[in-house]
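Examining the three-dimensional arrangement
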Amino acid sequence: MLHALLSLADGEKHGYAIIKEIARRTNDEVRLGAGTLYALVKRALGDGLIVESDDRPDPSLDDERRRYYRLTALGRTVAEAEIARLEAIVGMARAKNLRTRRA
Amino acid sequence: MATPPRPPIATRIFRALLRLLPVDFRIEHGREMEQVFRSQRRDAGNEGTIRAVAGLWLETVRDLLTTAPLQHAAMLRQDAGYALRSLRRTPVFTTAALLTLAIGISASAGIFTIINAFLFRPLPVDRPDELVSIATLDDHIELPHGLSLPDLKDYAELTDVFAGMLGYTQRGAWMNAGGSPERIVIEAVTENTFLLLGARPLIGRVLAPADLRTPVAVLAHDYWQARFAGDSTIVGRTIRLNEETFTIVGVVEPRFKGLDSLIRISAFVPLSMLDRLNAMPAGETIIEARDRHALNVVGRLRPGVTIESARSALRVKSQILASLYPATNRNVSLLVVPETHARPVPQNGPMFHVGAAALAMLAGLLLLITSANVANMLLARAASRGREMALRAALGARRGRVVRQLVTESLVLSIIGGVTAALLSMFLAAAMERGIAALSFEVPLQVNFAIDWRVLAAIFAVAAAAGVVSSLAPALYARRADVNAVLKAAGRTSSGTGPGRLRGMLVVAQVAVSLVLLIVGGLFVKTLDRARTVDLGFRSAGVLLASVDLSRSTYSTATRADYYRAARDRAAALPGVRTAAWISALSFGSSLDSVELRPAGTSADEAGRQSFSVSVSPEYFAAAAVPLVSGRMFDERDAADSPSVIVVNQTLAELLWPGKNPLGRRLLLGAPGTPAEVVGVVRNGKYVFLWEAPRAMLFRPLTQDTPRSASLEIVTAGDPTAMAGTLRMALGAIDPGVPVYGIQSMDQYLENGSALLLFRIGALFTGVFGALGLIMASIGLYGVVAYDTTRRTHEIGVRMALGALRATIIRDVLIRGGRLAASGAMLGMMLAAGLTWLLRAMFLGVSPFDGSIYLGTAVLLIGVCLLASFVPARKAATSDPVTALRAD
């Protein structure tokens, strides 16, 4: 869910763009299927974290009248809160000298 | 870009996969998901490897397969949550609907519990599906009956068909473990029984083939608990059964309660000990005799052997036996059925199945009424929520979604109803077990009515069916409902269209079905009534019974006869006693015996005729008011050492010597052939069933055929049961060591015994169903009329403002209710006629089209329905027209 919210942080996107953005940013580690994505979208829409956008950013590219989604203020707050929570955990881990190992 | 007329195959497959998702999800996001998939495929195609394309497909299928169930569950949760909230908002409706459902479902569950206990629940032994019951069919007794031990041994030789064959029989016995003797029922089983079934010991061991003619006993678990407080040192102790010493070798595991599904068994002994238990003189045998068809037989089929091939193997064998032993085995065929079909006893014949089917049908009908009732309530709710539904539809909720919501609501209702019913059923089952145990039947009864998975599955299947059926009507209504019409009418529509007509139809159906239940119940009650007034051929009023058991080694034939004479004389001398007499076996009892007859002068090899036979003391015919047709009764002349004499009934006389005088003729009784002379003919009576065709019976003097146990009938001037204590004391004074049991009036014996018990149970069940049906139908009708009237408050107000009389208003409302009830009653009578004709075999002595029952129940039903509509009618008529006009 956080991934999906993050991918919308820098602007509204349609479904496939969200999938690609997430895949790109996680080096293909997280690859959402269409079903999983829209299950997330449905929940986020229901919770008011995202809304369908009315604007078409680039009508010339928009061949199939795709729906675009954008983060709401609430969605942004939730994403920020979640990141703050994760940061706190990472901070605690650092304080205990736990290190992340990178391959 | 123009859309191609037919999308590529990949897209079509993806669309097909999308159908896994809930329809709402599909409509909301399906198009986009398709776009995403097309993009993904384009990208994968660009990569150019088969692997990329295959990976995408795999990933997509996995993705949809994991998403779909979650989405369905979420949708269901949402619907169910909404349903629960909306049900909570209308507590009266919800409670009424739940109660209705719970009653309807538990009635069905109760019936199924009974059917399950007898017909479905397998014996708690290894591989119960391999077990078959084998019974004898011959021309002597109408119903299937047992086999003899020699026959059993011969049939058991068919070892390529049967892995083994066992025989068992029950017998009352006096158990003495120190203290006073106690009457219990034991099961005498062939020694291989436990091994063949796979019934294991809890402590000690069970019977084994090596126990042939060994006085050992295995206790049933419940009896061990109740009588010996679960004492684990019991193994090795001795008890006395009928004065014979037996060593307890073990207690059988709790789940195995014996082979009989109806009788409470306390202990198991080797069948080879039965002659000793019966105190047979040395050299005499009952169990080894080929003409004693006393054993219930169960065979275990070899794996892979069908019941059909077992039947043909047994048929061939029985023909061989018939040629070897014509005297006993001629005209004998075998009835081979799965063990579960031979319950409660192998002798039950098809009657039990017909009865079970009939009860199941009644339960199904009651369930239909229940569903109709709930449907009616839901419809009323749907109608009053018409605005809400229409609004939701106008706001974009699709019609399918609204229907789904309604169906979910009634499913939620029926699931809660099902849970309630499951709880109710457990109480019901416990109550039925207690009720059966409390019956003062000849032997202690025990039926395992435990609620097992079959019953629970049935309850929830029934609940789900009720849910679906009851949601059909509202769903149909919601589908048809026109948004505009409903919104415009704003709840002021009167009957005639939409839910009104649908509900009217439901009520008609309900009244019809409940009339069917009432008629069936009425016919059963009338059957019971007729059964009670059947001419038994002997006196039943003012008779007290007491049975004694002299099968102790201390009594010889001569001293038994002395005891009977002394006991009779003492009983007859008691104040308030008019006369007293002995009979060796009561009619409708299990100890009725039969004897083989041959005319004097024929050889023993020739097959004779079987007749029931009882021994009576000289006073019997007078005491029991059995009229003498010709000849004489028994008297003092007929002593033990005088020539053997018999009295026959009219049927036997007519069978043996049609049209001739039977007096003075001679017969040979039994296998060696005791010659006996006919001295009298008496009128026919009923001996085995109340509705039997005239049956042959032969009476012998107690002095010449002295039984080990007998029943004393005393004819009293007043209430016979008041004499019970006096009689027990009088008999105890003669020999305190003789066990006396079954002290009850003849009427009690008939009511609780096999004579009337089944009729009573039938009348009870169908009566309860009829009453429940009546209540449900009147609730349904009340609901419809009350709702209807409320909706017409406005119209009624206008009419009253215009000067209509209260009586007219009431009459109008009553006419609407009455019309529904009358149409239902007409339909119900037609349905009932069809159903009762199918069940006609069960209404003994009553026509399935009995006019008084049909009319009586119809009048009752219409009366109750009118009463149900009178309440809302009065309310409407007494309402203030001004308030009524202001309504809405």
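Scroll up a little and you will see the structure.
These remarks concern the structure in this document. Everything quoted here is computed from the prediction, not taken from an experiment.

Focus on the overall build of chain B
Tallying secondary structure elements over chain B gives 26 helices and 21 strands in all. Considering only C-alpha atoms, chain B reaches an extent of 115 × 90 × 55 Å along its principal axes. Across chain B, every contact between residues at least 6 apart in sequence was considered, and the portion connecting residues at least 24 apart equals 80%. Taken as a whole, chain B presents about 38900 Å² of accessible surface, with 62% of it coming from carbon and sulfur.

Here we look at helix α3 (residues 34-47) of chain A
The end-to-end C-alpha distance of α3(A), which contains 14 residues, comes to 20 Å, matching closely the 20 Å that a straight helix rising 1.5 Å per residue would cover. Here the buried face of α3(A) lies against α2 (15-25), β2 (50-53) and β3 (68-71) of chain A together with α1 (9-18), α2 (23-47) and α3 (50-89) of chain B. Immediately beyond the C-terminal end of α3(A), within one or two residues, lies G48(A), with a positive phi of roughly 75°.

As for the pairing of strand β6 (residues 238-241) of chain B
All names here are of chain B. Taking every second residue as pointing to the same face, the buried face of β6 carries I239 and L241, while none of T238 and R240 on the other face is buried. Across four bridges, β6 lies against strand β7 (residues 244-252) in antiparallel orientation. Each residue of the ladder has a partner; that of L241, found in β7, is E244. Hairpin connection from β6 to β7: two residues lie between these consecutive antiparallel strands, with N242 at a positive phi of about 50°.

Focus on the nonpolar core
Residue and element names in this part refer to chain B. With 86 residues, the main nonpolar core has F194, V252, F256, F268, L362, F449 and F769 as its most contacted residues. Among the elements that take part in this core, helix α16 (residues 498-532) stands out by supplying 12 residues, more than any other. Those residues within four positions of L362 in sequence are excluded, and the remaining contacts are L517, V520, T766, F769 and L835. If you look at the next biggest cluster of nonpolar residues, it comprises 43 residues, including V132, F162, I234 and L274.

Some details on the pattern of salt bridges
Residues and elements named next belong to chain B. For the structure on display, the rule yields 40 salt bridges over all chains. Here E182 ties to R227 by a salt bridge, and the two come within 2.9 Å at their closest N and O atoms. Of this pair, E182 sits in strand β3 (residues 182-189) while R227 sits in helix α7 (residues 221-228); the two residues are 45 residues apart in sequence, bridging distant segments of the chain. Note that R568 is salt-bridged to D569, the shortest N-O span being 3.3 Å. In this structure R568 comes out as buried when scored by relative accessible area, which is 13%. One continuous salt-bridge network, built from bridges that share partners, spans R565, R568, D569 and E619.

Comments concerning the packing of aromatic side chains
Residue and element names in this part refer to chain B. One pass over the structure, following the stated rule, counts 16 aromatic pairs over all chains. For the ring pair F524 and F843, a centre distance of 5.1 Å and an interplane angle of 70° mean the geometry is edge-to-face. Separated by 319 residues along the polypeptide, F524 in helix α16 and F843 in the loop between α24 (806-838) and α25 (851-878) bring together distant segments of the chain. Note on F524: relative accessible area 11%, which makes it buried.

Regarding the environment of L20(B)
Residues and elements named next belong to chain B. With respect to the element layout, L20 can be found in the loop between α1 and α2. Overall, the relative accessible area of 36% leaves L20 in the partly exposed class. Put simply, L20 and A68 are 48 residues apart on the chain and 5.9 Å apart in space, counted from C-alpha to C-alpha. Ignoring sequence-local partners within four residues, the contact set of L20 consists of L65, A68 and H72.

Regarding the packing of α3(A) against α2(B)
Two numbers describe how α3(A) lies on α2(B): the axes approach to 10 Å, and their chain directions differ by 135°. When the axes of α3(A) and α2(B) are compared, the pair comes out oblique. Between α3(A) and α2(B) the crossing geometry is right-handed. Across from A34(A), G35(A), Y38(A), A39(A), V41(A), K42(A) and L45(A) in α3(A), the residues of α2(B) making contact are F25(B), H29(B), E32(B), M33(B) and V36(B).

A short note on the interface of chain B and chain A
Interface size is commonly expressed as the accessible surface area that is lost when the partners come together. In this assembly, 18 residues from chain B lie in contact with 20 residues from chain A. Where chain B abuts chain A, roughly 1700 Å² becomes buried across the two surfaces, and 48% of that area is made up of carbon and sulfur atoms. Considering only the side of chain B, the residues that lose the most area to chain A are H29(B), E32(B) and V36(B), jointly responsible for 28% of the buried surface there. Scanning the region where chain B abuts chain A turns up zero salt bridges. Counting across the chain B and chain A interface gives six residue pairs in polar contact (both at pLDDT 80 or more). Elements with a contribution of two residues or more to the side of chain B that touches chain A: α2 and α3 of chain B. Broken down by class, the residue content of the side of chain B that touches chain A amounts to five nonpolar, six polar and seven charged.

So, how was this worked out
Residues numbered from 1 in each chain as written. Chains lettered and ligands numbered in written order. Predicted model: local features only at pLDDT ≥ 70, side-chain atom pairs only at ≥ 80, totals over all residues. Heavy atoms only, no water. Helix = DSSP H or I, 4+ residues; strand = E, 2+ residues; numbered from the N terminus. Contact = heavy atoms within 4.5 Å. Areas by Shrake-Rupley, 256 points an atom, 1.4 Å probe, with all protein chains shown as cover. Expected span 1.5 Å × (residues − 1). Buried < 20%, exposed > 50% of the residue type's maximum accessible area, 1.4 Å probe, protein only. Pairing = 2+ DSSP bridges. Core = buried A, V, L, I, M, F, W, Y, C linked by side-chain atoms within 4.5 Å. Salt bridge = Lys/Arg side-chain N within 4 Å of Asp/Glu carboxyl O. Phe/Tyr/Trp six-rings, centres within 6.5 Å; stacked < 30°, edge-to-face > 60°. Axes fitted to C-alpha atoms, helices over the stretch in contact; angles between N-to-C directions. Parallel < 35°, antiparallel > 145°, perpendicular 65-115°, else oblique. Left-handed = near helix turned anticlockwise from the far one by under 90°. Buried area = accessible area lost by both parts, 1.4 Å probe. Polar contact = N/O pair within 3.5 Å; in protein donor to acceptor, adjacent residues only side chain to side chain. Nonpolar A, V, L, I, M, F, W, Y, C, P; charged D, E, K, R; others polar.

Geometric values such as these leave the question of function open.
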